[in-house]
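These are the residues of each chain, in order.
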Amino acid sequence: MGVSGGPPYLSIGRLTKRFGAFTALDDVSLEVFAREFVVFLGPSGCGKTTLLRAIAGLDIQTAGTIHQDGQDVSSLPPAERDFGIVFQSYALFPNLSVRDNVGYGLVSRGKSRAETLSRVTELLALVGMPDAGPKYPSQLSGGQQQRVALARALAISPGLLLLDEPLSALDARVRQHLRHELKDLQRKLGITTIMVTHDQEEALVLADRIVVMNHGVIEQVGTPTEIYRKPASPFVADFVGTMNFLEAMVAAPGTVSIAGRSFRVDSLNGMKPGTAALICIRPEDVKTRNVEPGSENALEVEVRSLEFLGAFARARLAAADGAGPDLVADFSINLLRDLGVEPGLRLPVALPADRLRAFPKAG
Amino acid sequence: MTAATAPPIRARASRDDLIMRACLGLFALWLLVAVALPLWSLLSKSFQDRDGVFVGFANYLRYVETPALFQSFWNSLFVAAATTAIVVPLAFVYAYALTRSCMRLKPLFQGLALIPILAPSLLPAISLIYLFGNQGLLKGWLFGQPVYGAVGIVTAQVFYCFPHAMMILVTALSMADQRLYESADALGASRLRVFLTVTLPGAKYGLISTAFVIFTLVITDFGIAKVVGGRFNVLATDIYKQVIGQQNFEMGAVVGVILLAPALLSFAVDRVVARRQVAQLSARAVPFEPKPRRGRDLALTVFCLGIGLTILGVFAVSVWASFITFWPYNLTLTLKNYEFGNFDPLGWSVYVNSLIMASASAVFGTAIVFLGAYLVEKSKGFGLGRGLVHLLAMIPLAVPGLVLGLSYIFFFNMRGNPLGVLYGTMALLVVNTIAHFYTVSHLTALTALKQLDQEFEAVSASLKVPVWRTFFKVTVPICLPAILDVTIYLFVNAMTTVSAVIFLYSSETKPAALAIVNMDESGFTAGAAGMATVIVFTSAAVKLAQLGLSRLLSRTQAWRTR
């Protein structure tokens, strides 16, 4: 997944950042490899932006080290580091034309006018806005401004591209479109990229690896599939995608009891019998087709309500005999039609043992 | 957290950071010299006797025990309270008409009300003398009472303070949420009830703030009491008499410290009010749009017309009188009152002095103020330096001009002070003027800077562009309208100010506004009116130039249009 061999391009060692009594980053370590697209994902206040700003040198960490391309940059001011950055607000200079914005960093590197101009033209073509040169930022749409900001950041050919929620100020449609362009561009240029977002969908689509953060610590680092399929903690499970959380007790090795019923679980994460556990399953992993009553982990449920979501519907299910967990499960529209699913219908469903994830219950 | 924590990191300052910190240091030094140290010397002087020996509160005791002096304290409180009681309601109705009615010609009415700002406070006082003085046209209206004294002071102060009160109240009343009024309507509240439960509470802080500002303005104003005060002594004239008349610097210092009290109080109240005001209007509020209501709109138009014409009239009296041969016996027009050489040995050169002083204050002041605000807002780290500079920049708002001027006498005349060479020079007048009007300018610049994207500097750093380049290429161009505001504000105030410079001018550097005081003192009222007229028209011309220039900016700079 874009991870090349060799030493990491960026290496963050035991980073801590405190604002007074508040600890925004707590002993965070991370490695980012060359050409990789890494996304920092988490709710607001989780420390993701703080980490990005520490990497940029904008808010230098209280303790810990940052090595970039083999060089210790831990205490360097931003001007002495090698990165390009795009902010949520884009921070385009409103009084300069698009051309001057993109060429802003080139002029002070002693490039000739002709060189600057040809580089600017090239960059504007790269972001798909070849004719925007003479315009001013206020004459552009949000999406166009975002591309200009990207072109400006790329102009000085930085070794590292930092994106601070670059898409979140845009409306949904533009956001989806730009997401793909951004990914293509990053692949084409092969530039090591770190993006911050609170939008899990964005992270799943864009990232080679996702770093999920919460309360100033890294909860999990992994590919989008790993994060989605094998969340390392209830927090990750809850934050990325939708998840059923079922309170359970470990009954025997490989078996838990949920609301008085026994279920088999492939992996119990090393929990001993007698421990309180949380069992997780995604709504789309609840097996609803061809379930034989009495087969493994099957139970009879009654449909309580249906929520139509376009390509599928999400149903609230309750155990038909009242003993058993309440569940949320997804039905494709096809299945909905075939089974005639509607509130009040009773049907057997199963919780596949390989799709159940178990966590120790906190507290 | 695992066993041992990683070693702490000390951020290395970039070259830009170092430059900005050095500049901040220089700024702290400038504000110390121009504001803090002079005030300190005033304060310590009030605790010393003539020979500089510390005497504790002896001077203050003597002040309270001297009835002639202490009476002025009560007199000042009285005129300030009376003026406030008259101005605030008038200005409130006027501001209400401008913001909450569908009255026509609002810009015209707003302009009319702002006229007094263009003139020295002396002008309304001079007009009053022409109207109600010993040779006044309408003297009979006062039933034989002299205009000199409390009546004259309060009347002139009302005129002089009106625009200040109006501006604050217009701001307060503009911040209204349409939805509150719609809800009140939907609940069937009567107009009076809506006014009492929605409008008034919304403007509460504005009203409090206005009252304190006006109270302070009156207490600290010198010109009006000097011209129409007669034998009615107030603090501001006392300080002048003690220092200039009797060379009693210690007592002058005591009066100065006393004068500082109401200003400090009002300053503190204003800070508190400003903090509360923030939460008033959320970002989602719907701006208030007045709906036409014939009766109300007509009544308010009549009211504003009355006030506006009175202001224009008072202003016109001085202008007219300055062209009159011999008031009120020979009303033929003449230009001889503009031959200022007949009234003041410096003649027209006082006007040149004023122009030099105002231009220098405007140019240097704007540069200093803007750069200072930029450093406070944009430099990284060095929080102590930034906090100190900001604090020092806020002090002048609470320091009346007379007090600042007096402090300068003490500080720049101190034995062994190398800056003493500045005493009596134009340079010191400029420094004093910039310091006197520093706070409002500083806040204007700061507000403009706070509206810039916080990340411009971060982007520049990532692009390896030095901070000064972004300052000149981006920050200054964007803030040009605010910079222009500061320049004009400094210019107009330097043209009209009397209070601070009265202690600092020399025979060669006397500015025009002070020539008015001198001419009036020597009985050349027509000459004083003439000079006041010249100043008013100069200020007006500069204001109009600003209007034209900012129109030009928004028209020629394509990026300003949305």
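Within every chain, residues take consecutive numbers counted from 1 along the sequence as written. All chains are assigned letters beginning with A, and all ligands numbers beginning with 1, in the order in which they are written. Only residues with pLDDT of 70 or above have their local features reported here, since the model is predicted, and side-chain atom pairs are shown and tallied only from 80 upward, although totals for entire chains, interfaces and linings are computed over all residues. Side-chain metrics in this entry use all non-hydrogen atoms of the structure; hydrogen atoms and water are not considered.

(A) Here's a closer look at the overall build of chain A. Counting secondary structure elements, chain A contains 10 helices and 19 strands. A principal-axis box enclosing the C-alpha atoms of chain A has dimensions of 80 × 45 × 40 Å. Here chain A, with 363 residues, has 52% of them falling under the buried criterion. Two residues qualify as a contact provided that any one of their heavy atoms is within 4.5 Å of a heavy atom in the partner residue. For chain A, restricting intrachain contacts to residue pairs at least 6 apart in sequence, the fraction spanning at least 24 positions comes to 65%. All accessible-area figures derive from a Shrake-Rupley calculation using a 1.4 Å probe, and residue coverage is judged against the displayed protein chains alone. Within the structure as shown, chain A displays about 15400 Å² of accessible surface, and the carbon and sulfur contribution to it stands at 49%. For the purposes of this entry, the term helix denotes a DSSP run of H or I that reaches at least four residues, the term strand denotes a run of E that reaches at least two, and both are numbered from the N terminus. We call a residue buried when its accessible area falls under 20% of the maximum for its residue type, exposed when it is over 50%, and partly exposed in between, using a 1.4 Å probe and counting protein chains only.

(B) Local environment of the packing of helix 1 (residues 15-45) of chain B against helix 14 (residues 349-378) of chain B. Residue and element names in this part refer to chain B. Contact pair helix 1 / helix 14: the axes reach a minimum separation of 10 Å and the direction vectors enclose 125°. Classified by the interaxial angle, the pair formed by helix 1 and helix 14 is oblique. The element helix 1 and its partner helix 14 pack so that their crossing is left-handed. Of the residues in helix 14, those in contact with Met20, Cys23, Leu24, Phe27 and Trp30 of helix 1 are Ile368, Leu371, Gly372, Tyr374, Leu375 and Lys378. The axes are straight lines fitted to the C-alpha atoms, using for helices just the contacting stretch, and the angles between their N-to-C directions are given from 0 to 180°. Angles are sorted into four bins: roughly parallel if under 35 degrees, roughly antiparallel if over 145, roughly perpendicular if 65 to 115, and oblique for all others. Left-handed describes a crossing whose near helix is turned anticlockwise from the far helix by less than a right angle; the clockwise case is right-handed.

(C) Fine view of the nonpolar core. Grouped together as the largest cluster of nonpolar side chains are 208 residues, with contacts concentrated most on Tyr94 and Phe503 of chain B. Of all the elements, helix 6 (residues 150-174) of chain B adds the most residues to this core, at 14 residues. Those residues in contact with Tyr94 of chain B, other than ones at most four positions away along the chain, are Phe109, Leu112, Ala113, Phe162, Met166, Phe303, Cys304, Ile307 and Gly308 of chain B. Definition of nonpolar core: a set of buried residues of the types Ala, Val, Leu, Ile, Met, Phe, Trp, Tyr and Cys, connected through side-chain atoms within 4.5 Å. One finds Val98, Val127, Leu140 and Leu161 of chain A within the second-largest nonpolar core, a separate group that totals 40 residues.

(D) Looking closely at the packing of aromatic side chains. Stacked, edge-to-face and tilted labels apply to pairs of Phe, Tyr and Trp rings (six-membered ring for Trp) whose centres lie within 6.5 Å, assigned for plane angles under 30 degrees, over 60, and everything in between, in that order. If you walk through the whole model with that rule in mind, you get 33 aromatic pairs over all chains. Measuring from ring centre to ring centre gives 6.5 Å for Trp30 of chain B and Tyr438 of chain B, while their planes differ by 55°; the resulting arrangement is tilted. Placement of the pair is Trp30 of chain B in helix 1 and Tyr438 of chain B in helix 18 (residues 438-450), with a sequence separation of 408 residues. Assigned by exposure class, Trp30 of chain B and Tyr438 of chain B land together as buried. Ring plane angle 75° and centroid distance 6.1 Å describe the contact between Phe70 of chain B and Trp74 of chain B, whose orientation is recorded as edge-to-face. One end of the pair, Phe70 of chain B, and the other, Trp74 of chain B, are both in helix 3 (residues 67-100), four residues apart, so they sit about a helical turn from each other. A residue is classified by how much of its surface remains accessible, and Phe70 of chain B, at 24% relative accessible area, is partly exposed. Judged by relative accessible area, Trp74 of chain B falls into the partly exposed class, the value being 48%. Taken together through their ring pairs, the aromatic side chains of Phe323, Tyr338, Phe340, Trp348 and Tyr351 of chain B make up a single cluster. Lysine NZ or arginine CZ positioned within 6 Å of the ring centre and within 35 degrees of the ring normal marks a charge as sitting over the ring. Against the face of Tyr228 of chain A rests Arg282 of chain A, its NZ or CZ located 3.9 Å from the ring centre.

(E) Seen up close, the side chain of Arg152 of chain A. Mapped onto the elements, Arg152 of chain A comes out in helix 5 (residues 142-155). Charge assignment in this entry is limited to Lys and Arg as positive and Asp and Glu as negative, and neither His nor the chain termini are counted. For this analysis, a salt bridge means a side-chain nitrogen from Lys or Arg found within 4 Å of a carboxyl oxygen belonging to Asp or Glu. Summary of buried charges: Arg152 of chain A has no salt-bridge partner, and the nearest side chain of opposite charge, Asp453 of chain B, is 7.7 Å away. As used in this structure description, the phrase polar contact means that two N or O atoms lie within 3.5 Å; if the pair is within protein, one of them must be able to donate a hydrogen and the other to accept it, and residues adjacent in sequence are counted only when both atoms belong to side chains. Within the local environment of Arg152 of chain A, its side chain forms a polar contact with the backbone oxygen of Tyr90 of chain A, the two atoms lying 3.0 Å apart. The residues touching Arg152 of chain A, leaving out its near neighbours within four places in the chain, are Tyr90, Ala91, Leu92, Phe93, Asn101 and Val102 of chain A together with Val459 and Leu463 of chain B.

(F) Geometry of the interface of chain A and chain B. Taken residue by residue, the interface counts 40 residues in chain A and 36 residues in chain B. Each of two parts loses accessible area, computed with a 1.4 Å probe, when they are put together; buried area is these two losses added. Approximately 3300 Å² of surface area, both sides summed, lies buried where chain A meets chain B, with 61% of it carried by carbon and sulfur atoms. Among the residues of chain A in contact with chain B, Arg14, Asn95 and Tyr104 of chain A are the three that bury the most area, contributing 18% of the side total. Counting the contacts that link chain A with chain B gives two salt bridges.

(G) Quick look at the sheet that holds strand 14 (residues 276-281) of chain A. Residue and element names in this part refer to chain A. Pairing between two strands is assigned when DSSP locates at least 2 bridges connecting them. Taken in spatial order, the five strands line up as 13-12-11-14-19 in an open sheet, and their pairing is antiparallel. Two strands close off the open sheet at either side, each with one partner strand: strand 13 (261-264) and strand 19 (357-360). The average angle at which neighbouring strand axes cross in this sheet is 45°, direction not considered. Sheet analysis places strand 14 next to strand 19, joined by four bridges and oriented antiparallel.

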